[in-house]
Amino acid sequence: MRVLGIETTCDETAVAIVGDRLGGHGGDILANEVRSQIDRHRAYGGVVPEIAARAHIEVLGPLMARALEHARVDVSGLDAIAAAAGPGLVGGILVGLTAGKALALAAGKPFIAVNHLEGHALTARLVEQIDFPYLALLVSGGHTQLVAVNGVGDYRRLGSTVDDAAGEAFDKVAKMLGLPYPGGPQIERLANDGDAHRFDFPRPMLGRAGADFSLSGLKTAVRLETLRLGTLSETDVKDVAASFQAAVVDVIVDRVRAGLRMFMEGSGRPNGLAIGGGVGANGAIRRALIRCCAETGVRFVAPPPELCADNGAMIAWAGLERYKLGLKDDLAFAPRPRWPLDATASGAHHGKA
Ligand code: KG4
Ligand code: ZN
């Protein structure tokens, strides 16, 4: 079985073709084309929706052709076409969703609308053999949440950020330090040479009941510290980056522990903790979670950094998982700029507006 997946919800244009394996465990990535638009947005310090949508239009067609070429697959050899239908920037979603529908219609193949967050949550099963249920930590520029993944389309959100997403906090702190967008990789690089103990930044929500996150207080504390320091030396920048990253790591580990406890109270032991989203590429966070999982006896599944960041393979894989269950969508499926994973949240039901 082979599914083509399209991702255009933010600032990467991505197309992938993923196949399933005999025995049903994990998938094979036959093509995985990603074009970042970061260069076009950098001057603005963040993603500009209109520029993103136009760039997706320019790049998507050739990228679909390349993916088919790399996978050595003809459109007729595909079983289904999947596209991310949200959550994200509506202009970009429209581009990918429309391209996916058009290809499905022209080729006479089923079309599957995928929730971008479901793509991140199911990537663990693309790269490793892991059964439901498991706990997923989704940490990106737009989202920070802990989700019980009970099955395809069956998710329960245990906690999420009440203010900034983790990636947003990395990006904003990077901006304060005069570093280019996106800030996460810059902060990580500088933190490697910095003193994580020099500044004692707050760890919001530590020990708090529930599994929610808060990161804006930490961001504000960093802002006040940088204002106090005035002109920042190279050492100051490295030390702030290291101290900030250490605080984020502590918050994430504490919230993951809380999420694991909530999970166990609700549905017993999870089959693992899976990480997804661009911040999941961060080495300090990954190392801390490896330790946390070793202590709690929970298996840790960390897709490689390029599959944590936005990509097409996660959309193709989620599409493949849905297709295997007989799920497909109408060509009238509308983009969903807001689309919570949790079915108990309003408007979350797949296939309904
Ligand atoms: O999942 P993603 O590629 O796009 C969204 O859906 O947001 O995540 C992008 C976010 C950005 O905020 C970026 O700064 C952050 O992930 N990020 C990192 C690292 N690499 C990317 N944050 C911390 N450390 C990293 N190494
Ligand atoms: Zn994402």
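Residues numbered from 1 in each chain as written. Chains lettered and ligands numbered in written order. Predicted model: local features only at pLDDT ≥ 70, side-chain atom pairs only at ≥ 80, totals over all residues. Heavy atoms only, no water.

1. Brief notes about the overall build of the protein
Along its length, the protein carries 11 helices and 10 strands. Relative to the 2.2 N^0.38 estimate, which gives 20 Å for 353 residues, the radius of gyration of the protein is 20 Å and therefore close to what a compact globule would have. Seen along its three principal axes, the alpha-carbon backbone of the protein occupies a region of about 60 × 50 × 35 Å. Taken across its 353 residues, the protein has 55% of its residues classed as buried. Contacts spanning at least 24 positions in sequence make up 72% of the contacts within the protein whose residues lie at least 6 apart. Per element, the accessible surface of the protein, about 14,400 Å² overall, is 52% carbon and sulfur. Counting 37 positive and 39 negative side-chain charges, the protein places the centres of these two groups 2 Å from one another. (Helix = DSSP H or I, 4+ residues; strand = E, 2+ residues; numbered from the N terminus. Rg over C-alpha atoms; globule rule 2.2 N^0.38 Å. Buried < 20%, exposed > 50% of the residue type's maximum accessible area, 1.4 Å probe, protein only. Contact = heavy atoms within 4.5 Å. Areas by Shrake-Rupley, 256 points an atom, 1.4 Å probe, with all protein chains shown as cover. Lys, Arg positive; Asp, Glu negative; His and termini not counted. Charge placed at Lys NZ, Arg CZ, Asp CG, Glu CD.)

2. Details of the domain arrangement of the protein
Each assigned domain of the protein is listed with its residue range as follows: domain 1 (2-127 + 307-324) and domain 2 (134-298). The C-alpha-based centres of domain 1 and domain 2 are spaced at 27 Å. The interface is formed by 19 residues belonging to domain 1 together with 21 residues belonging to domain 2. Interface area for domain 1 against domain 2, summed over the two sides, is near 1,500 Å², with a carbon-plus-sulfur share of 70%. At the junction of domain 1 with domain 2, the criterion picks out zero salt bridges. Here domain 1 and domain 2 share six residue pairs in polar contact (both at pLDDT 80 or more) between them. Breaking the side of domain 1 that touches domain 2 down by element, the ones donating at least two residues are helix 4 (116-127) and helix 11 (313-324). Broken down by element, the side of domain 1 that touches domain 2 gets its largest block of residues, seven residues, from helix 4. Classifying every residue of the side of domain 1 that touches domain 2 by side-chain character gives 10 nonpolar, three polar and six charged. (Domains from an automatic or database assignment. Buried area = accessible area lost by both parts, 1.4 Å probe. Salt bridge = Lys/Arg side-chain N within 4 Å of Asp/Glu carboxyl O. Polar contact = N/O pair within 3.5 Å; in protein donor to acceptor, adjacent residues only side chain to side chain. Nonpolar A, V, L, I, M, F, W, Y, C, P; charged D, E, K, R; others polar.)

3. Overview of the site of ligand 1
For ligand 1, the set of nearby residues contains 19 residues, the closest of which are Gly141, Asp171, Glu188, Gly278 and Asn282. Protein chains shield 88% of the accessible area of ligand 1, which is 550 Å² for the free molecule. Looking at the shell around ligand 1, the elements with two or more residues in it are helix 4, helix 5 (166-176) and helix 6 (183-191). No other element matches the four residues that helix 6 contributes to the shell around ligand 1. Per-class residue counts for the shell around ligand 1 are five nonpolar, 11 polar and three charged. Counting only domains with at least three residues in the shell around ligand 1, you end up with domain 1 (2-127 + 307-324) and domain 2 (134-298). (Near = heavy atom within 4 Å.)

4. Things to note about the packing of aromatic side chains
On inspection of all chains with the given rule, the structure shows four aromatic pairs. Where phenylalanine 132 meets tyrosine 134, the ring centres are 6.0 Å apart and the plane angle is 10 degrees; that geometry is what we call stacked. Since its relative accessible area comes to 23%, phenylalanine 132 is described here as partly exposed. On the numbers, 5.7 Å between centres and 40 degrees between planes, the contact of phenylalanine 333 with tryptophan 339 is tilted. A relative accessible area of 4% places tryptophan 339 in the buried class. (Phe/Tyr/Trp six-rings, centres within 6.5 Å; stacked < 30°, edge-to-face > 60°.)

5. Observations concerning the state of the cysteines
Under the counting rule described, the total for this entry stands at zero disulfides. Take cysteine 10: it sits in no disulfide, and the sulfur closest to it among the cysteines is that of cysteine 308, at 16 Å. (Disulfide = S-S within 2.5 Å.)

6. Examining the environment of leucine 97
For leucine 97, the location among the structural elements is in helix 3 (residues 90-107). Take leucine 97: its relative accessible area is 1%, and that puts it in the buried class. Separated by 14 residues in the primary sequence, leucine 97 and phenylalanine 111 place their C-alpha atoms 9.7 Å from one another. Residue contacts for leucine 97: discarding those within four places in its chain leaves Ala83, Ala85, Phe111, Phe333, Ala334 and Pro335.

7. Some words on the sheet that holds strand 1 (residues 2-7)
Ordered by their spatial adjacency, five strands build an open sheet running 3-2-1-4-5, and the pairing between neighbours is mixed. The strands lining the two open edges of the sheet, one partner per strand, are strand 3 (27-36) and strand 5 (111-115). Here the strands of the sheet are splayed against their neighbours by 20 degrees on average, with no regard to which way each runs. Across six bridges, the pairing between strand 1 and strand 2 (residues 12-20) is antiparallel. Looking at strand 2, one finds that arginine 2 is bridged to glycine 19. (Pairing = 2+ DSSP bridges. Axes fitted to C-alpha atoms, helices over the stretch in contact; angles between N-to-C directions.)

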